[in-house]
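Single-letter residue listing:
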Amino acid sequence: MKKYLIPLILLCLALIGGLVWLYLDWEKQKKENIEMQELAELNKQEMENEYEKFALQYSEMKTQINNDSIVAQLSAEQEKTQRLLAELRQVKASNAREITRLKKELATVRAVLRSYVIEIDSLNRLNQNLQEENTRVKAQYQEATQQIEGLNTEKQSLSEKVAIAAQLDAIGITMQGKDKRGKNTEKADKCKTIAVTFALAKNVTASNGMKTVYVRITSPTGSLLGNAGSFNYENKTLQCSMKKAVEYGGQETPVTLFWNVDQALVGGTYQVSIFADGNMIGSRSFSLK
């Protein structure tokens, strides 16, 4: 009986160790899933905040301009923004397809708002020139001066709107698996490298210079692929899969990053999220078999 006691004890210890390992792995996955859910909620809340700001800005701009045609255009864009905000509030943060669609719509709303900001800013600069001219020919330009003087009161708010309009956007996002020969593959077990490509959209209001872009790739289980360092987003520190310094001059700028696969990949939907200047500038999901 004694000769079986020691092997039995060792077997029990091995089983206990295995159960402990499984429990710790389950806790890790649970924590990562919670973090991804929190990130999705933060992303949805950020989108809601932006839609609300844009709707308010349209309302403010309508009261500060004396042009019926532009006011009518602003009213139409404000109604569209409010409709999209109502749709977003009804969508769950976990609904990736709808969140992605409304994220694209948000980028369109931002671009339209940016065009109005630039147009009104141009009118404001014209106002300064007309004021100088007005000292010599006040009677001739009296009607024009009355219209443009209404734009002076919005000069301060325009600076804030330009800052929002200057946010970068990532467009044309793709994720492609590469096998050991560098050929494209959609099979998870064949992937040796993952290439993520996109472009920083043209934005004449954005600041020029070196920009660090961060890319997060999350697996179908919610875990982050790779670990290329950390960055700040929404008062939180997040880990990234890849990062790259890019020189941006206001024009459309292509960007490509590569991640060398160093862990087993599984089939399913992978989420690619791109960040720059403390903002999420784009996201898209992709599938591997």
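Residues numbered from 1 in each chain as written. Predicted model: local features only at pLDDT ≥ 70, side-chain atom pairs only at ≥ 80, totals over all residues. Heavy atoms only, no water.

## What to know about the overall build of the protein chain
- A tally of regular secondary structure across the protein chain gives 5 helices and 10 strands.
- For the protein chain, the share of sequence-separated contacts (at least 6 apart) that also reach a separation of at least 24 residues comes to 68%.
- Working note: accessible area of the protein chain is about 16,900 Å², and carbon and sulfur atoms make up 52% of it. (Helix = DSSP H or I, 4+ residues; strand = E, 2+ residues; numbered from the N terminus. Contact = heavy atoms within 4.5 Å. Areas by Shrake-Rupley, 256 points an atom, 1.4 Å probe, with all protein chains shown as cover.)

## Observations regarding the sheet that holds strand 4 (residues 209-218)
- Spatially, 7-4-9-10 is the arrangement adopted by the 4 strands of the open sheet, whose pairing is antiparallel. Two strands bound the open sheet, and with one partner strand each, they are strand 7 (242-248) and strand 10 (279-288). Across the sheet, the axes of successive neighbouring strands diverge by a mean angle of 25 degrees, strand direction being ignored.
- Across 7 bridges, the pairing between strand 4 and strand 7 is antiparallel. The residue of strand 7 that forms the bridge with Gly209 is Tyr248. (Pairing = 2+ DSSP bridges. Axes fitted to C-alpha atoms, helices over the stretch in contact; angles between N-to-C directions.)

## Brief notes about the pattern of salt bridges
- Taken as a whole, this structure holds 4 salt bridges when the rule is applied.
- Ionic pairing is found between Glu186 and Lys289, a salt bridge with its closest N-O pair at 3.7 Å. With a gap of 103 residues between them, Glu186 in the loop between strand 2 (184-185) and strand 3 (193-200) and Lys289 in the segment after strand 10 connect regions that are remote in the sequence.
- Here Lys211 makes a salt bridge to Asp277, at a shortest N to O gap of 3.3 Å. With Lys211 in strand 4 and Asp277 in the loop between strand 9 (268-276) and strand 10, this pair connects stretches of sequence that are 66 residues apart.
- Given the relative accessible area of 6%, Lys211 is considered buried. (Salt bridge = Lys/Arg side-chain N within 4 Å of Asp/Glu carboxyl O. Buried < 20%, exposed > 50% of the residue type's maximum accessible area, 1.4 Å probe, protein only.)

## As for the nonpolar core
- Ranked by size, the top nonpolar core spans 29 residues in total, and within it Met175, Val196, Phe198, Val215, Ile217, Leu265 and Val272 carry the most contacts.
- Every element with two or more residues in this core is listed here: strand 1 (170-178), strand 3, strand 4, strand 7, strand 8 (253-260), strand 9 and strand 10.
- Once you skip the residues sitting within four places of it in the chain, Val215 turns out to touch Val196, Phe198, Cys240, Ser241, Met242, Leu257, Val272, Ser273 and Ile274.
- The next biggest cluster of nonpolar side chains, apart from the first, holds 19 residues, and it includes Tyr51, Phe54, Met61 and Tyr116. (Core = buried A, V, L, I, M, F, W, Y, C linked by side-chain atoms within 4.5 Å.)

## Section: the environment of Ala245
- Examined against the element boundaries, Ala245 turns out to sit in strand 7.
- Taking the C-alpha atoms as reference points, Ala245 and Lys211, separated by 34 residues in sequence, lie 5.5 Å from one another.
- Aside from chain neighbours lying at most four places away, what touches Ala245 is Met210, Lys211 and Thr212.

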